[in-house]
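Observations on the model geometry
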Amino acid sequence: MLQLEDDSRKDGNLIIFPPADRQTQEFHLHTMMQDIAASLLMDFEKWVLQAESGGTILKTPLDSQASLSSEEVIKAKKRRLGRAQKTIGDYSLLAGSPVDANAHYSTALELARLTGDYF
């Protein structure tokens, strides 16, 4: 037991479940997995929002094939908000929230129409 205590001081990520039946342990593991998934989604959202506010140009594979002139860079910056909304919608759908995804996709569609970001 002393060895376990010494190891837990070195690594603060040790989680111990209380002794319980299988159903209770499955409940604890399910809760932990939900916490991990929520943490990942929050990090994904931060990355997308940083890309949106940081002036990063979100490009599609079609955009990547052509070199961007100064006029195309201006267009790409206008398209950035719509593309960021689409990316957030993708993450919402992956997270199992189709209602949120639909709201983000609708916003992305309107922004794409306004900026001419379609073909």
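Note that the structure is a prediction, hence the values are computed from the model and not measured. (Residues numbered from 1 in each chain as written. Predicted model: local features only at pLDDT ≥ 70, side-chain atom pairs only at ≥ 80, totals over all residues. Heavy atoms only, no water.)

**Some words on the overall build of the chain**
Which entries qualify depends on this criterion: Here a strand is any run of E in DSSP of at least two residues, a helix any run of H or I of at least four, and the numbering for each starts at the N terminus. Relative accessibility under 20% of the residue-type maximum defines a buried residue, over 50% an exposed one, and the middle range a partly exposed one, all with a 1.4 Å probe and only protein chains included. Should any heavy atoms of two residues lie within 4.5 Å, those residues are considered in contact. Surface exposure here means Shrake-Rupley accessible area, sampled with a 1.4 Å probe, where a residue is shielded only by the protein chains that are shown.
Across its full length, the chain carries 5 helices and 0 strands. By residue count, 15% of the 119 residues in the chain fall in the buried class. Nonlocal contacts in the chain, meaning residues at least 24 apart in sequence, comprise 46% of its contacts between residues at least 6 apart. For the chain, the exposed area adds up to about 9,400 Å²; of that, 59% sits on carbon and sulfur atoms.

**What about a nonpolar patch on the surface?**
Cut-off, in case you're wondering: By definition, no residue in a patch forms a salt bridge, and every one has over 30% relative accessible area; like charges are joined within 9 Å, nonpolar side chains (Val, Leu, Ile, Met, Phe, Trp, Tyr) within 5 Å. Definition used for salt bridges: Asp or Glu carboxyl oxygen within 4 Å of a side-chain nitrogen of Lys or Arg.
On the surface, Met 33, Ile 36 and Leu 40 cluster together into a nonpolar patch covering about 300 Å² of accessible area. Along the chain, Met 33 turns up in helix 2 (residues 22–53). Judged by relative accessible area, which is 53%, Met 33 ranks as exposed.

**Here we look at the pattern of salt bridges**
Per the stated rule, a full pass over the model turns up 4 salt bridges. A salt bridge links Arg 113 to Glu 110, with the nearest nitrogen and oxygen atoms 3.1 Å apart. Within this pair, Arg 113 and its partner Glu 110 are both found in helix 5 (residues 98–115), separated by 3 residues, close to a single helical turn. Under the relative-accessibility criterion, Arg 113 is labelled exposed at 53%.

**Digging into helix 5**
Condition: Expected helix span is computed as 1.5 Å times (number of residues minus one). To obtain the arc, one takes the directions from the helix axis to the C-beta atoms.
Across its 18 residues, helix 5 extends 25 Å between first and last C-alpha, which sits within 8% of the 26 Å expected from 1.5 Å per residue. Residues of helix 5 that are buried include every one of Ala 101, Ala 108 and Ala 112, and no others. Looking straight down helix 5, one finds its buried side chains confined to an arc of 40°; they lie on one side. Exposed positions of helix 5 whose direction lies more than 90 degrees from the buried face are Val 99, Arg 113 and Leu 114. Of the residues one or two after helix 5, Gly 116 is the one with positive phi, at around 70°.

**Section: the side chain of Ser 92**
Secondary-structure assignment places Ser 92 in helix 4 (residues 70–94). When its relative accessible area of 12% is taken as the criterion, Ser 92 is described as buried. The residues touching Ser 92, leaving out its near neighbours within four places in the chain, are Ser 97, Asp 100, Ala 101 and His 104.

**Comments concerning the confidence of the model for the chain**
Threshold: Every residue is assigned a pLDDT by the predictor, reflecting its confidence on a scale from 0 to 100.
Confidence along the chain averages 76 in pLDDT terms, with 71% of residues attaining 70 or more. No element of the chain has a lower mean pLDDT than helix 1 (residues 2–10), which averages 50, and none a higher one than helix 5, which averages 90.

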